[in-house]
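Remarks on the overall topology
Listed here are the chains, written in short residue letters.
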Amino acid sequence: MLEKYNQQLKNELDKLEKLGLYRELTVLDSAADSVVTINGKEYLNFCSNNYLGLATHPEVKYAAIEATKKWGTGSGASRLICGSNRLSQQLEEKIAHFKSTETAIVFSTGYMANVGVITSLAGKADIIIIDKLNHASIIDGCKLSGAAIRVYKHCDCESLEKVIKNSHQYRRRLIITDAVFSMEGDVAPLKEIVSLARKYDALVMVDEAHSTGVFGKSGAGCAEHFGIADDIDIQMGTLSKAIGCVGGYIAGSNELIALLRNKARPFIYSTALPPSVYASAIKAFEIIEKEPGRRRQLWENIQFFKTKLTMLGLNTENSQSQIIPIIIGNEKKTIQIAEQLKAEGILIMGIRPPTIKKGSSRLRISLMATHTIPQIEQCIEKMGIVFR
Ligand SMILES: *Cc1c(COP(=O)(O)O)cnc(C)c1O
């Protein structure tokens, strides 16, 4: 690179370093399981979104291997260009059934699903109303859409109503919220949001990235948990967290999904997922259906972990899920604590701006169904040492 530009980049990086915001990759030499290997040393892993342990489930792995043998490693082109693999259709049927919607469409990532659906539904004539703490992929979709964007206070329906009251002039009103918030672990008041949407004639979209496989009687997510699946117009989710694979999806009406096939640029202009991913995701959904014990175990782990954390005098904020934030505040201090935990054999990442608000840097703990009670006890013991 030209020296002048290289120097500019270096200055930018130096600034990040000074602010305690410089990011580096941690190289894993193992699967993202409850125990991971880094530089030949084992760590208890409390930062994976592989909530049900399905990424290493023997049947899920086997499905991917068999599909690779039969169909190869790559899909050859985007879904519309070179034909859609039979397995992609089966997966979409599976998702629609699981989410109780007419149909569904799979994207290569959850990020792309959010960007694709928002930019397809909203444009200059429309308004999108979002929770202040929605995921970055939702924010990016909103910005790219060109629609008017209004933000309401986190999980605050009074604030939402104030905003939506003044939105008559727009062609379409779209409310978007995460179901479980990725950095707080709290749950959106979906029932109230849905009833406000009906009152003011707005569409509702819910991002179930962290709730699918975890919430609801059959693991379908918060829409099922609250019994309002029929009232949510656009159900978004990812295959990369509890499902243990990669990919994203939108589930909803036939018209919505047909529109996405015709308009969603991340769907049209990016290569389809490899067949192995469709096969393993189908298998993962089957396991979620036939092994409810995994979900139960996860909830027992959550209960146990939170009780122990509270006994340590640590505040779990408003966490109502497998995601538990411990707010530290200062950026550098957060990284320091994460490093101390790592030295004790516990892997928990420090989360810093711009992922969260400045001054609210935190440890983000995520629990898995495959954590054993002794593993959780060890984590708690080490946290007790570090936070003493
Ligand atoms: C992870 C996440 C996404 C993006 O999903 P990917 O499949 O990882 O691209 C979208 N929304 C939320 C709330 C997430 O946590």
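We now turn to the structure provided with this report. The structure displayed is predicted, hence computed values, not measured ones.

The rules behind each value
Residues numbered from 1 in each chain as written. Predicted model: local features only at pLDDT ≥ 70, side-chain atom pairs only at ≥ 80, totals over all residues. Heavy atoms only, no water. Helix = DSSP H or I, 4+ residues; strand = E, 2+ residues; numbered from the N terminus. Rg over C-alpha atoms; globule rule 2.2 N^0.38 Å. Buried < 20%, exposed > 50% of the residue type's maximum accessible area, 1.4 Å probe, protein only. Contact = heavy atoms within 4.5 Å. Areas by Shrake-Rupley, 256 points an atom, 1.4 Å probe, with all protein chains shown as cover. Near = heavy atom within 4 Å. Polar contact = N/O pair within 3.5 Å; in protein donor to acceptor, adjacent residues only side chain to side chain. Pairing = 2+ DSSP bridges. 1 Å grid on protein atoms, 1.4 Å probe; cavity = no way out; pocket = protein on both sides within 12 Å on 5 of 7 lines; lining within 4 Å. Points joined across faces, edges and corners; volume = space filled by probe spheres on them. Nonpolar A, V, L, I, M, F, W, Y, C, P; charged D, E, K, R; others polar. Axes fitted to C-alpha atoms, helices over the stretch in contact; angles between N-to-C directions.

1. Quick look at the overall build of the protein chain
Per the secondary structure count, the protein chain includes 14 helices and 13 strands. Its C-alpha atoms give the protein chain a radius of gyration of 21 Å, near enough to 21 Å, the size a compact globule of 388 residues would have. Taking all 388 residues of the protein chain together, 53% fall into the buried category. Summarising the internal contacts of the protein chain: among those between residues at least 6 apart in sequence, 70% fall at separations of at least 24. Summing over all exposed atoms, the protein chain offers an accessible surface of approximately 18000 Å²; the carbon and sulfur share of this is 52%.

2. What to know about the site of the ligand
Near the ligand there are 16 residues, and of these Gly110, Asp207, His210, Ser240 and Lys241 occur at the shortest range. Here a nitrogen atom of the ligand sits 3.5 Å away from a polar atom, N or O, in the side chain of histidine 135. In the model, an oxygen atom of the ligand is placed 2.8 Å from a nitrogen or oxygen of the serine 240 side chain. Computed on the free molecule, the ligand has an accessible area of 370 Å², of which 86% lies beneath the protein chains in the complex. Residue assignment for the shell around the ligand shows that the elements contributing at least two residues are α4 (110–121) and β8 (234–238).

3. Some remarks on the side chain of asparagine 50
Mapped onto the elements of the fold, asparagine 50 is located in the loop between β2 (41–45) and α2 (58–71). Setting aside residues up to four positions removed in sequence, asparagine 50 forms contacts with Ala32, Asp33, Ala55, Lys241, Gly244 and Met368.

4. Describing the pairing of strand β1 (residues 35–38)
Taking every second residue as pointing to the same face, the buried face of β1 carries Val36 and Ile38, while none of Val35 and Thr37 on the other face is buried. Two strands pair when backbone bridges link them, and β1 and β2 are joined in this way by 4 bridges, in the antiparallel orientation. Residue threonine 37 lies in a different strand from β2, and its bridge partner there is glutamate 42. Where β1 folds back onto β2 in an antiparallel hairpin, the turn is made up of 2 residues, including asparagine 39, whose phi is positive at roughly 50°.

5. Comments concerning empty space enclosed by the protein
In the structure shown here, the tally under the stated rule is 1 cavity of 30 Å³ or more. Quantified by volume, the largest cavity comes out at close to 60 Å³. Taken together, Arg79, Val106, Phe107, Ser108, Pro266, Phe267, Ser270, Thr271, Ala272, Leu273 and Tyr278 make up the lining of the largest cavity. Elements with a minimum of two residues in the lining of the largest cavity: β3 (103–107) and α10 (265–268). Residues of the lining of the largest cavity, tallied by class, amount to 7 nonpolar, 3 polar and 1 charged.

6. So, the sheet that holds strand β6 (residues 173–178)
Taken in spatial order, the 7 strands line up as β3-β9-β8-β7-β6-β4-β5 in an open sheet, and their pairing is mixed. Strand pairing shows two members of the sheet lacking a second neighbour, β3 and β5 (148–152), which therefore form its edges. Going across the sheet, the axis of each strand differs from the next one's by a mean of 20°, ignoring polarity. Pairing of strand β4 (residues 127–131) with β6 involves 4 bridges; the strand directions are parallel. For isoleucine 130, the partnering residue across the bridge sits in β6 and is isoleucine 176. This element, α4, spans β3, β4, β6, β7 (203–207), β8 and β9 (248–252) of the sheet and lies at about 160° to β8. Along the sheet, helix α6 (residues 157–165) contacts β4, β5 and β6; its crossing angle with β5, the most-contacted strand, is approximately 155°.

7. Here we look at the sheet that holds strand β10 (residues 323–329)
With respect to topology, 3 strands assemble into an open sheet ordered β10-β13-β12, the strand pairing being antiparallel. The sheet is open, and its two borders are formed by β10 and β12 (349–351), each paired with just one other strand. Adjacent strand axes in the sheet meet at a mean angle of 35°, parallel and antiparallel pairs treated alike. Judged from the 3 bridges that link them, β12 and strand β13 (residues 361–366) form a sheet pairing that is antiparallel. Of the residues in β13, the one forming a bridge with glycine 350 is leucine 363. Packed on one face of the sheet, helix α12 (residues 292–311) meets β10 and β13 and runs near 25° to β10.

8. Concerning the environment of tryptophan 71
Note that tryptophan 71 resides in helix α2. Looking at tryptophan 71, the relative accessible area reads 35%, which means it is partly exposed. The contact partners of tryptophan 71, leaving out residues within four places of it in the chain, are Asn85, Arg86, Leu87 and Pro275.

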